[in-house]
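# Structure assessment
What follows is each chain in one-letter form.
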Amino acid sequence: MVTSGSMACTTQQPQQQEQEGASENNNKKVEELADTAAAITLAKDSADILLAPEGNLMQQLLVTESAKAASAGVKDALFDAMVESPKRFRESLPLNLGSILPASPLEGAVAPFLQKTNDEEKAQTLVRKLSAFLPNGDQQQQQHTPTTTTTTSTTTTSNGAQQQDTPQFDPSQVNAEQLALVAKELRENIPKYAPLVGQLGGKFASTLLETASNNIERTLDEEKVDDDLVRTAAKQLSSVASQSAEAIKQQQQQQSSSSSSSSK
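Residues numbered from 1 in each chain as written. Predicted model: local features only at pLDDT ≥ 70, side-chain atom pairs only at ≥ 80, totals over all residues. Heavy atoms only, no water.

### Quick look at the overall build of the chain
Along the chain, the regular secondary structure elements total seven helices and four strands. The secondary structure elements of the chain, listed N-terminal to C-terminal, are α-α-α-α-α-β-β-β-β-α-α. Taken across its 264 residues, the chain has 21% of its residues classed as buried. Relative to all contacts within the chain whose residues are 6 or more apart in sequence, the contacts with residues 24 or more apart total 67%. Counting only carbon and sulfur atoms, one obtains 57% of the accessible surface of the chain, whose full area is about 18400 Å². (Helix = DSSP H or I, 4+ residues; strand = E, 2+ residues; numbered from the N terminus. Buried < 20%, exposed > 50% of the residue type's maximum accessible area, 1.4 Å probe, protein only. Contact = heavy atoms within 4.5 Å. Areas by Shrake-Rupley, 256 points an atom, 1.4 Å probe, with all protein chains shown as cover.)

Right, dumping it as structure tokens:
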């Protein structure tokens, strides 16, 4: 015979479990929102430092090293297109015909201008190392875990052992409250940070153009460039790059002065 007390206990247990489960879900959502808010605060603080219109040491290092790495990448691309590609084409000809065809005079003329400096090589290496820490989309999809908001990826070392990397954020598992918070912050802060990103881009462009101009002038001073046509073209390119960098700087100064006067 089932008593009323035992029936009450059996009905209370599922209700208690449901309440505990709901409480755990609420606590989890609160923690996720707190983590999202902390991440947004950190991102805003970092943006305030890196995008400061008056500039600072961190911003200067970022712009300078990024410009050097970009200059190295441009030189690599041009060297491959103008020097290595013709060489590979001659070597690919059948019957060793490439050894008969002479190299283009342009290959030897432009090669000195496309040699990377030590600083550019160091900056390029640094960027590559930093890029290795960025999330890999293919690995994230393969290691996707539906029950959590993070995924883990594994890498294989040179001796064949596998090691687990730091858990990576999985945007596909963000809940609605987190999305709403992120959307709110974007809506409120894009008008503030978008012009600052444009100013930082202008600083990067002017620094890159200055680097190109200085590299050309240095090559003309250190290397023996006998071809008058190449020397003249190089000087013209150096002048255009220098003038463009100066024009960008003047435009930024005018924008900065106008924005400061309007704020007053």
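Now that the structure has been shown, the text picks up again.
### Some thoughts on the side chain of Ser213
By secondary structure assignment, the location of Ser213 is in helix H6 (residues 176–222). On the basis of relative accessible area, Ser213 is assigned to the buried category, the value being 7%. Excluding anything up to four places from it in sequence, Ser213 contacts Ser238, Ala241 and Ser242.

### Digging into the nonpolar core
The biggest cluster of nonpolar side chains holds seven residues, and these are Ala109, Phe113, Ile216, Leu220, Val225, Val230 and Ala234. Contributions of two or more residues to this core are made by H6 and helix H7 (228–263). Excluding its chain neighbours within four sequence positions, the residues that come into contact with Ala234 are Phe113, Ile216 and Leu220. Counting residues in hydrophobic clusters, the runner-up holds six residues, among them Ala47, Val63, Leu196 and Leu200. (Core = buried A, V, L, I, M, F, W, Y, C linked by side-chain atoms within 4.5 Å.)

### Some remarks on the side chain of Asn215
Following the sequence through the fold, Asn215 ends up in helix H6. Since its relative accessible area comes to 10%, Asn215 is described here as buried. Among residues more than four places away in sequence, those in contact with Asn215 are Ser71, Lys75, Thr117 and Glu120.

### Concerning the confidence of the model for the chain
Detailed reading of the predicted coordinates is not advisable wherever pLDDT is low. The predicted model of the chain averages 79 in pLDDT, with 73% of residues at 70 or higher. Scored below 50 in pLDDT, residues 137–153 shows 40 contacts in the model against residues more than four places distant or in partner chains. Scored below 50 in pLDDT, residues 163–169 shows 25 contacts in the model against residues more than four places distant or in partner chains. (pLDDT = per-residue confidence, 0-100.)

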